[in-house]
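Next come the chains, spelled out residue by residue.
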Amino acid sequence: VQVIETLEELVRAVDKERASGRQFGLVPTMGALHAGHLALLERARAECDAVVLTVFVNPLQFDSGEDLVAYPRDNARDIELGRQAGARYVFLPAEEEMYPGPVLTAVRVAGLAEGLEGASRSGHFEGVATVVAKLFAAVGRCRAYFGEKDYQQLLVVRRMATDLSFPVEVVGCATVRDGDGVALSSRNARLTAAQRAAAPVLHRALQAGLDAIDAGERRSGRVAAVMAEVVRSEPIARLDYAEAVDANDLIASSTLVGDVRLLVAAHFGSTRLIDNLGATAR
Ligand code: PAF
C-alpha cells in the first residue's frame, strides 16, 4: 500500500495506472475504519483492478467544532487496515492540502440535501458534496463506494456526480450491523456502556415501521409515528426525527407507494446516531 498526501501525487499515480488499463475503485472515508468500511473496500477490491482508500476528517461537513474535535482519528491503524483490505493507495491529506485557503466554491445539491440530516445539520451536505467532488475530480473515472447507512448522503453524492458529469459510478453498499442490529458507525465508539445498550432501539423502530408497512399501513405519518413511539420508549434516546419517505427523492407524501425508505435519528447523550431501512409499499 502506498500512502499519498497530496492531490497532485494522487492524480499522477492514478492517471499512470489508468493509462495501462486499470479500473479504479474509490472508497472515501473519514477514517476510524470499522467492518462497514472494510465491506466497502472488499467490494471495491472484487469489482475493480485497484482501490484508492481516502481518509480525511472533512471540517466542512461538521456543524459544531466540538463534534469535529471529538471525531476519532487513528491514521496508523487505518493505513494498516487499508493494506490488509488490499487498497493500493491510501490518500491521507492534511486539511491545508484539501483547503489551502478560504473555501469560496461549494457544491450544493438542492432538494435531496434539504430535509432529514440536512435540516438537522446545517451545511452538512454542502461540505460532503464539496469534498467528494474534489476527490472525484482527482481520481477521475472510477466506481465509488458508499454505505447505505448514510442513505441520504448516498443519494446526494450520486446526484452530484450526475449533475456535474463526473465519470464516476456511485455504488451503494448494504449497511453492516452488529448482532443486536446497531448499524456500524465510527460514532458508536463514543457511546457509554448504557448508551450502547440503548442504541438498538433505532433498528427496532425501523423494524416496527417495516412491520407496519408489511401489515398494509400506507399512511406515511402513521408509519413515522410508529417508529417515533418506539424510539421514545427508550429513556436514554432523544428522538431527532423518524420519517417514511420515497426512496428515490426522499419526499414524504401522505401515502406510501413503491420503494420507501424509513429513516431515524436520535441523540444518545452528546452522540447522534442515524439509521435507515428500505421497504416496499405495493
Ligand atoms: O461518509 C463519510 O465518511 C463522509 O461523509 C465522506 C463521504 C467520506 C465525505 O467526507
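Just above sits the structure.
Computed from a predicted model, the values in this text were never measured in an experiment. Residue positions are counted from 1 within each chain, in the order its sequence is given. Two thresholds apply to this predicted model, a pLDDT of at least 70 for residue-level local features and 80 or more for giving and counting side-chain atom pairs, whereas whole-chain, interface and lining totals are computed over all residues. The side-chain quantities take in all heavy atoms of the structure and omit both hydrogens and water.

Trainee: Describe the sheet that holds strand β7 (residues 237–246), naming the residues involved and giving the relevant values.
Mentor: Here we have three strands laid out as an open sheet, ordered β7-β8-β9, and antiparallel in their pairing. If you trace the sheet from one side to the other, it starts and ends with β7 and β9 (271–281), each paired once. The sheet shows a mean angle of 15 degrees between the axes of neighbouring strands, direction not considered. Sheet topology note: the strand β8 (residues 258–268)/β9 ladder contains 11 bridges and is antiparallel. Pairing of A265 across the sheet is with I274, part of β9. At least two bridges found by DSSP between two strands are what make those strands a pair. A run of H or I in DSSP becomes a helix once it reaches four residues, and a run of E becomes a strand once it reaches two; helices and strands are each numbered from the N terminus. For every element, the axis is a line fit to its C-alpha atoms; helices are fit only across the contacting stretch, and the angle between N-to-C directions ranges from 0 to 180 degrees.

Trainee: Requested: an account of the environment of N248, with residues and values cited.
Mentor: Among the structural elements, N248 can be located in the loop between β7 and β8. Each residue is placed in one exposure class: buried if its accessible area under a 1.4 Å probe, protein chains only, is under 20% of its type's maximum, exposed if it is over 50%, and partly exposed if it falls in between. Note on N248: relative accessible area 58%, which makes it exposed. For the pair N248 and L33, spaced 215 residues apart in sequence, the C-alpha separation works out to 28 Å. A contact between two residues is defined here by any heavy atoms of the two lying within 4.5 Å. Discounting residues that sit within four places of it in the chain, N248 has contacts with L112 and L155.

So, to be careful, I would describe these as geometric facts and stop short of saying anything about function.
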